[in-house]
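# Structural overview for review
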Amino acid sequence: MYRTALRNVLAHKGRLLMTALAVMLGTAFVAGTMVFSDTFGKAMRDNNSKSYSDVSVQVVDTAAGAGASAREKGGKSPVTLTDATVQQLAALPGTASVRGVVSGFTGVADRSGTLIGQSWTARGANFAPGPDGKDSRYPMVEGQGPKNGKEVALDRKAAEEGGYKVGDTVRIAINGPVMELKLTGVFTTDDPVVNSGGTLTLFDRATAQQLLLEPGRYSGIVLAAKPGTSQDALLSEVNQKLRPEQQIEVRTGAELKAEEDRLITRDSEQIRTMLLAFAAISLFVGIFLIANTFTMLIAQRTKELALLRAVGASRKQVTRSVLIEALAIGTVAGAAGLVAGVGVGAALQSVVVSLNDSLPTGSLVIKPLTVAVTLLVGILVTVLSALLPAVRASRIAPVAAMSSGDQPVSQKSLVVRNAIGSVLAAVGIALVVFGASKGNSDGRIPVAAGALFAVLGVFVLLPLLSRPVIALVGPVLGRLFGTPGKLARQNAVRNPRRTAATAAALTIGLTLVSGLTVIGASVGDTVDRTVTSSMKADYFVAAANFMSLSDKVPAEIAKAPGVATSSPMTRVSWKLNGSARDISGLDADSFDKLVSVTMKSGTTAAAAQGQLLVDEDLAKKLGVTTGSTVEVAYPGDAKGTLTVGGVYETGGLLGGAMLANSEIVKHDPGANLESVLVKGTDGESAALKKALKDATGANPVIEVQSRQDVRDRFSQTITFALNMMYGLLAMSVIVAILGVINTLAMSVFERKREIGMLRAIGLDRSGIKRMVRLESVVISVFGAGIGVLLGCFMAWAINGTLESSLQGLTTVVPFGQLLLFLALAGLVGLVAAFWPARRASKLDILASIKTD
């Protein structure tokens, strides 16, 4: 039986090629993901070990991040790490060297005024030279380090991207007007900021403190231990010297490295998990192809299997022989997938490096676990997919099977299948509807569980659905394409299981694609409505990195030519009736000119009287109406009450609550200045946009956006995310196409006598081609249509769970895109049928109709 099984594999190698290819693609995705994540993780960890090579103990001021902001707004922050602290730590018995560190956001503009790199990875620090005038942390490759407030040094990559050389004037930006400083040096470093693709700008110590924190203050202190002093010993000395009540964090270099390694591992695992999820989808699609292939092979080998039973083979031996075939295919395909996966891993690494050439790279890492998992996945997927067909093969009755080449299709199992599918689908739909009705994150688990049951139920019911759905297009096919059209419809519903298995592969892909598309369209529409309906302002001025703007910016913008009115938009988080809530702030006198809200009760004029405006959702949560009072907990220990002056429609630029800036500043001088809204005298214009940009000192970090710019920004983000998802799902679509090709090719072989008879009674070669192609198109569109409907339903449910976090979210169905998906599915079916249709048309008439 073992020899028989292997001979069968070789005898049917052409028919099993698509199966092996599907398994290879899925396992290649798995292997490539594991190779890439292991390689990337190792390169990051190796690079990280260099970053802490000179750190024995690090002291960090946890309040330093808010220090500059609070000082800028007029507030005070506790000074913890100063020059005195540095001297105290330098005097410790175990300290060999100590350096104070100043760090904060610093953007660098290129010669065209564009920010170099990404805003969230742009940092500034202090140059700390030793007695020799050099800083070992930042060795200069050109020039020298900065010595005063008019000089800076740049990392080599930033200097190259900006086109700067030593002696040039560099435009530096933090959160206010741009500074033009002289470039005195270019350095290299293993600083994590630069290694992760960011830019690093060095100032002299005093300038860095002035710009990034406040005079005399450090954000951290790094100590190196003397020979013979362990990191833990030095840590103990530091802890004894510094007061425990200070807002500081003290850790050893080993702890920092271990924590960074843990974060790198976590991020690598997250990337791996996401990619493996798409690999699993591809393999799941492949299961339908494999099961369909073995089912058709067994149907075609009925006499052969019956003969084996007749000469003494037991049911177990027949089952085992089919599974051995699957094992052989899975092993070969898994091995091929492993080899291809190494290439996939290398390609992924190249893509990442091309997007950010500052990221560390290394030789490909191929762990034994990767080899074992890839082979095991290939074997398990193939063998498990072939299990049900193998069991069916063992149940063939020898005498009945040898009596005729054609076996009647049993309907009993379809009845059982339909009953099971109906129960699964009903349970799934009920859970999905229940979860969506929650309207918040509490419904996500029911929706996820319901989606699983619903999808499984629909897959089980696909044979039942195929007949009535395909019957709907029967008359159309007959009228448009004549006899080939009628035959195509009959062939598509002849074997419901086969049609369902072929269509299911496309159903999976289209469910995911259409679901993502509907969610993306819904979120985009919500953002668009928020900006369009609630923003009267012509321009929105804000920092690209979401930092708080300098309090100098609103005044400069107000003085810009062409500005009719403007207002800073602040945001604070206060407790209202015991719960933390975000409150937006605007100038009361310009509120109605810049923002549009639909008041359900009260008036916007109440804001000028220091009263609170809330949206409908927050009013319900707080249990308040116009005229009610709300208990407020201000920063610190101060408490008070606010009167609700009005309730407005949920959704819009303001969020859940709004208060006049004059009222906010009384209780929170350090409120976050998010943006400035501007209304022009003559509306939007290029001149006004330029004037606003000039008012910010042409700061590359501060963006001046019109309403359309804001919409386009969100649209681009959503489009990028969708395109990435589409790309990751492409492998599943390819496997689905292979499934259609394989099913049609084997169907042509199975029906060669029928095709021969059709040719004999007058159907020409073009008619045969048309029949096969139309059958493929019908099956493909059927699977895609079910997937689109299922995807829309799931998207509606997911949107329901997002309503609490994205106010005003409603489900939007982009009919144009969904119709395009259906058209593309039809095109896929047409392309997939090219080879099988060509093969069918070339069958010899006499050879096809002769009896075996």
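Up top is the structure.
Residues numbered from 1 in each chain as written. Predicted model: local features only at pLDDT ≥ 70, side-chain atom pairs only at ≥ 80, totals over all residues. Heavy atoms only, no water.

### What about the pairing of strand β19 (residues 639–648)?
When strand β16 (residues 599–602) meets β19, the two strands line up antiparallel, connected through 3 bridges. Across the sheet, the residue bridging to M599 is Y648, located in β19. Alignment of strand β17 (residues 612–615) against β19, held across 4 bridges, turns out to be parallel. The partner of L613 across the bridge, within β19, is G646. Pairing geometry for strand β18 (residues 629–633) and β19, over 5 bridges, is antiparallel. (Pairing = 2+ DSSP bridges. Helix = DSSP H or I, 4+ residues; strand = E, 2+ residues; numbered from the N terminus.)

### Thoughts on the packing of helix α15 (residues 444–481) against helix α17 (residues 496–534)
Packed helices, taken two at a time, are described by the angle their axes make and the gap between the axes. Their axes nearest at 8 Å, the elements α15 and α17 cross at an angle of 105°. The orientation of α15 relative to α17 falls into the category roughly perpendicular. Side by side, α15 and α17 meet where F459, L462, P463, S466, R467 and I470 of the first sit next to P496, R497, T499, A500, A504, T507 and I508 of the second. (Axes fitted to C-alpha atoms, helices over the stretch in contact; angles between N-to-C directions. Parallel < 35°, antiparallel > 145°, perpendicular 65-115°, else oblique. Contact = heavy atoms within 4.5 Å.)

### As for a nonpolar patch on the surface
A surface patch of nonpolar side chains, amounting to about 450 Å² of accessible area, comprises L820, L824, L827, L830 and V831. Secondary-structure assignment places L820 in helix α26 (residues 815–832). For L820, a relative accessible area of 46% translates into the label partly exposed. (Patch = residues over 30% accessible without salt bridge, like charges linked within 9 Å, V, L, I, M, F, W, Y side chains within 5 Å. Areas by Shrake-Rupley, 256 points an atom, 1.4 Å probe, with all protein chains shown as cover. Salt bridge = Lys/Arg side-chain N within 4 Å of Asp/Glu carboxyl O. Buried < 20%, exposed > 50% of the residue type's maximum accessible area, 1.4 Å probe, protein only.)

### Overview of helix α16 (residues 483–494)
With 12 residues, α16 should reach 16 Å at 1.5 Å per residue; the first-to-last C-alpha distance of 16 Å fits that figure. Turning to α16, its buried residues are P484, G485, L487, A488, N491, A492 and V493. Lining the buried residues of α16 we find α15, α17, α24 (752–760) and α25 (765–802). (Expected span 1.5 Å × (residues − 1).)

### Examining the nonpolar core
Counting 94 residues, the largest nonpolar core has F29, F294, L462, I768 and V772 as its most contacted members. Apart from the residues within four sequence positions on either side, V772 is in contact with L744, V748, A833, P836, A837 and A840. Formed by 33 residues, the second largest nonpolar core is a distinct cluster that contains L89, Y164, L223 and V238. (Core = buried A, V, L, I, M, F, W, Y, C linked by side-chain atoms within 4.5 Å.)

### A closer look at the side chain of E663
Topologically, E663 is positioned in helix α21 (residues 661–667). Judged by its relative accessible area of 13%, E663 is buried. Of note is the side chain of E663, whose polar atom sits 3.3 Å from the side chain of K666. Excluding residues that lie within four positions of it along the chain, E663 makes contacts with G610 and L642. (Polar contact = N/O pair within 3.5 Å; in protein donor to acceptor, adjacent residues only side chain to side chain.)

### Structural notes on the pattern of salt bridges
For the structure shown, the criterion picks out 21 salt bridges. A salt bridge links D538 to K679, with the nearest nitrogen and oxygen atoms 3.8 Å apart. Taken together, the residues D538 in the loop between α17 and β13 (539–543) and K679 in strand β21 (residues 672–680) connect sequence positions 141 residues apart. Take D538: its relative accessible area is 3%, and that puts it in the buried class.

### Details of unusual backbone geometry
In the Ramachandran plot, N577 falls in the positive-phi region, its phi being about 50° despite a non-glycine side chain. Within the fold, N577 resides in the loop between β14 (563–576) and β15 (579–586). A residue is classified by how much of its surface remains accessible, and N577, at 34% relative accessible area, is partly exposed.

### Looking at the packing of aromatic side chains
Taken as a whole and judged by the stated rule, the model has 6 aromatic pairs. A centroid spacing of 6.2 Å and a plane angle of 35° characterise the contact between F284 and F459, whose relative ring orientation is tilted. Taken as a pair, F284 in helix α9 (residues 253–300) and F459 in helix α15 lie far apart in primary sequence, 175 residues in all. On the basis of relative accessible area, F284 is assigned to the partly exposed category, the value being 32%. (Phe/Tyr/Trp six-rings, centres within 6.5 Å; stacked < 30°, edge-to-face > 60°.)

### A few points about the sheet that holds strand β11 (residues 220–225)
The strand order across the open sheet formed by 4 strands is β2-β11-β1-β12, and the pairing between neighbours is antiparallel. The sheet is open, and its two edges are formed by β2 (95–101) and β12 (248–252), each paired on a single side. Neighbour to neighbour, the strand axes of the sheet diverge by 15° on average, direction disregarded. Relative to β11, β2 is paired through 6 bridges, and the arrangement is antiparallel. Residue V101 lies in a different strand from β11, and its bridge partner there is G220. The strands touched by helix α4 (residues 83–90) are β1 (57–61), β2 and β11; relative to β2, the strand with the most contacts, the crossing angle is about 165°. Packed on one face of the sheet, helix α8 (residues 231–241) meets β1, β2, β11 and β12 and runs near 160° to β12.

### Let's talk about the environment of T598
Its place among the elements puts T598 in the loop between α19 (591–594) and β16. The exposure class of T598 is partly exposed, given its relative accessible area of 42%. Distance in space between the C-alpha atoms of T598 and V710 is 21 Å, their sequence separation being 112 residues. Every residue in contact with T598, bar those within four places of it in the chain, is listed here: V647, Y648 and E649.

### A closer look at α4
For an α-helix the count is 3.6 residues per turn, leaving residues at separations of three or four pointing the same way. Within the sequence span of α4, burial applies to T85, V86 and L89. Buried residues in α4, looked at end-on, bunch into an arc of 100°, giving them a common side. If you follow the buried residues of α4, they end up packed against β1, β2, β11 and α8. (Arc of directions from axis to C-beta.)

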